[in-house]
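Observations on the model geometry
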Amino acid sequence: MNNLKGKDLTSIEGLDAADARAIFDTAKLMEPFAFRQKLTRVLEGAVLANLFFEPSTRTRISFGTAFNRLGGEVRDTSGTETTSITKGESLYDTARVVGGYADVITVRHPKTGAAKEVADAVDVPVINGGDGVGEHPTQALLDVYTIEARLGKPNGKTIAIVGDLKFARVIHSFARLLSKMYQGINFKFIAPNGLQMPENVRESIRTSGSQHTMTDHDSINAISDADVIYITRTQEERFADPAEYERYKGKLRIDKKTLDTLGKPGVMLLHPMPRDSREGSNELDHDLDGDPRLAMFNQTDNGIPVRMAIFALVLDVADQIEKTARPVNWHVPKKP
Ligand code: NCD
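The sections below set out a description of the structure shown in this document. Being a predicted model, the structure only gives us computed values, none of them experimental.

**Considerations on the environment of Ser219**
Tracing the backbone shows Ser219 in the loop between β8 (213-217) and β9 (228-231). Given the relative accessible area of 29%, Ser219 is considered partly exposed. Placed 59 residues apart in sequence, Ser219 and Ala160 show a C-alpha to C-alpha distance of 11 Å. Each residue touching Ser219, except ones within four places of it in the same chain, is listed here: Ile190 and Leu252. A polar contact is formed between the side chain of Ser219 and the backbone nitrogen of Asn221, at a distance of 3.0 Å.

Given below as structure tokens:
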């Protein structure tokens, strides 16, 4: 029984733990297809409308790639300049039109709640690729999938979330998903004063049905007892006043020395990317590239099987994948 058939995925709020588990189980089945050991064309003839009204590299390309790896075709928009939004078209009209062209819609938009607006306007499933300062549910799914792959179920673990917790939508979805799926998480929210975790996310954690603890900190020293550290970029584009961004930039950073000095042995370090590598920001230093504690590129790799799983479930083809499997017939480099 597939509970996600025909459903939207606009927030973690609307997803229950069993649905998340079904996505993880399906993502595991997708891995040989995502990592080019096997081929399927199960979505041959299907069309994804990949609507991106904000900058994106990973999310847009990985949604498209995931759909292609299932055999479907992708139509993209990128930015607003090349769309009728610049002529004053409403999001409702754009959505209604595209809903008539595509079998599924993915959307990223600067307005919080935009994915839900699109979902309300169309009959086809809508997947949120980031709505303003709201949520980014598929990122949270791939983040937590990556944690499970390395550490198993993180029940009772200490998870430090570092950076701009106010504006980073990835964090909002990540904390909500962890609180729904597991028990007894010790959340440490480490943010500069003014960028703390919003109350609505804390409320979701409190009402998740499981007991968790939450503490607030403003110093990077608070990572010292963490099993998992998730650090994110200061969300420059969300500040109304650029001077305000300057105040926060570079406040909390992790480099190799910090991790060696403060981190528990074997701590897992995540970042949703993009990292801000400009001097003065640099929240995650390049001196950690290649460090086994850094799981950032496992996260990006896992974006493909997790997004394939979501498409396969909402379009209800997950149970046809294995029986349509074929070998790939081009050269694929072995993973190191
Ligand atoms: C994030 C986003 O757009 O919210 N990127 C992503 O999708 N991996 C994080 C960010 O921009 O900092």
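That shown, we press on.
**What about the site of the ligand?**
Neighbouring the ligand are Thr59, Arg108, His136, Gln139, Arg169, Val170, Arg233, Gln235, Pro272, Met273 and Pro274. For the ligand, a nitrogen atom lies 3.0 Å from a polar atom in the backbone of Met273. Taken together, the residues of the shell around the ligand sort by class into four nonpolar, four polar and three charged.

**Observations concerning the environment of Val162**
Locating Val162 in the fold gives a position in strand β6 (residues 158-162). The buried category is assigned to Val162, whose relative accessible area is 0%. A C-alpha to C-alpha distance of 31 Å links Val162 and Phe311, two positions 149 residues apart in sequence. Look past the residues within four positions of Val162 in its chain and what remains in contact with it is Ile190, Ile220, Ile223, Ile229, Tyr230, Ile231, Thr232 and Leu252.

**Describing the pattern of salt bridges**
Counted by the stated rule, this structure contains 24 salt bridges. Note that Glu13 is salt-bridged to Arg176, the shortest N-O span being 3.5 Å. With Glu13 in the segment before α1 (17-34) and Arg176 in helix α6 (residues 169-181), the pair connects residues that are 163 residues apart, well separated along the chain. Residue Glu13 is classed as partly exposed on the basis of its relative accessible area of 45%. For Arg278, the salt bridge is made with Asp276, and the minimal N-O distance between the two is 2.9 Å. Counted as one network, the salt bridges with shared partners bring together Lys256, Asp260, Asp291 and Arg293.

Rules of the game
Residues numbered from 1 in each chain as written. Predicted model: local features only at pLDDT ≥ 70, side-chain atom pairs only at ≥ 80, totals over all residues. Heavy atoms only, no water. Helix = DSSP H or I, 4+ residues; strand = E, 2+ residues; numbered from the N terminus. Buried < 20%, exposed > 50% of the residue type's maximum accessible area, 1.4 Å probe, protein only. Contact = heavy atoms within 4.5 Å. Polar contact = N/O pair within 3.5 Å; in protein donor to acceptor, adjacent residues only side chain to side chain. Near = heavy atom within 4 Å. Nonpolar A, V, L, I, M, F, W, Y, C, P; charged D, E, K, R; others polar. Salt bridge = Lys/Arg side-chain N within 4 Å of Asp/Glu carboxyl O.

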